[in-house]
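Here's the letter readout for the chains.
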Amino acid sequence: MRETDVSAILEQAPQILVVDDEPDICEVLKAFILSWHFQANTISNPLEVIGELGRRFYNIVLLDMMLPVKSGIELIPDIRRRSPDTKVIIMTGYAEKDTVIQTLRL
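These notes cover the structure that comes with them. (Residues numbered from 1 in each chain as written. Predicted model: local features only at pLDDT ≥ 70, side-chain atom pairs only at ≥ 80, totals over all residues. Heavy atoms only, no water.)

Re the overall build of the protein
Selection criterion: A run of H or I in DSSP counts as a helix once it spans at least four residues, and a run of E counts as a strand once it spans at least two, with each numbered from the N terminus. Each residue's exposure class comes from its accessible area (1.4 Å probe, protein chains only) as a fraction of the maximum for that residue type: buried when under 20%, exposed when over 50%, partly exposed otherwise. When checking whether two residues touch, look at their non-hydrogen atoms; a contact exists if any pair is within 4.5 Å. Accessibility throughout is a Shrake-Rupley quantity obtained with a 1.4 Å probe, and a residue counts as covered only by protein chains that appear here.
Within the protein, the secondary structure is distributed over 5 helices and 4 strands. For the protein, the α and β elements follow one another from N to C terminus as α-β-α-β-α-β-α-β-α. Residues counted as buried form 31% of the 106 residues belonging to the protein. For the protein, contacts bridging at least 24 residues in sequence account for 67% of all contacts bridging at least 6. About 6900 Å² of surface is accessible on the protein, with carbon and sulfur atoms providing 55% of the total.

As structure tokens, then:
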């Protein structure tokens, strides 16, 4: 495949934003996403998410639930308002029934 063909495909590739306060997790997830020929950016500070969504459209936000300053659950309504067509996927190591139900409602 020629370089111009690859560039055209990558321009159409889904855009994914990874939000996690652990840089190592961000980098591992980004590497996997890129290996699937999707575009990926990472953010470790949850307060930067809404600004990033204003700069670029993301098809998916892969969002850690347990973040400092503002939790993933608190970010969901802001993400939905700023970018209603963006899908949000929550990831967590602390799955509790009430939290899962609350997240699904958002």
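Details of the sheet that holds strand S2 (residues 39-43)
Counted only if it meets this: Being paired, for any two strands, means DSSP has found at least two bridges between them. A fitted line through C-alpha atoms represents every axis, and for helices the fit uses only the stretch in contact; the resulting angles, taken between N-to-C directions, go from 0 to 180 degrees.
If you walk across this open sheet you meet the 4 strands as S2-S1-S3-S4, and the pairing is parallel. Taken across any chain shown, the strands that pair with only one partner, and hence form the sheet edges, are S2 and strand S4 (87-91). When the angles between neighbouring strand axes are averaged without regard to direction, this sheet yields 20°. Relative to S2, strand S1 (residues 15-19) runs parallel, the two being bridged by 5 bridges. Bridge pairing in S2 places Val19 opposite Ile43.

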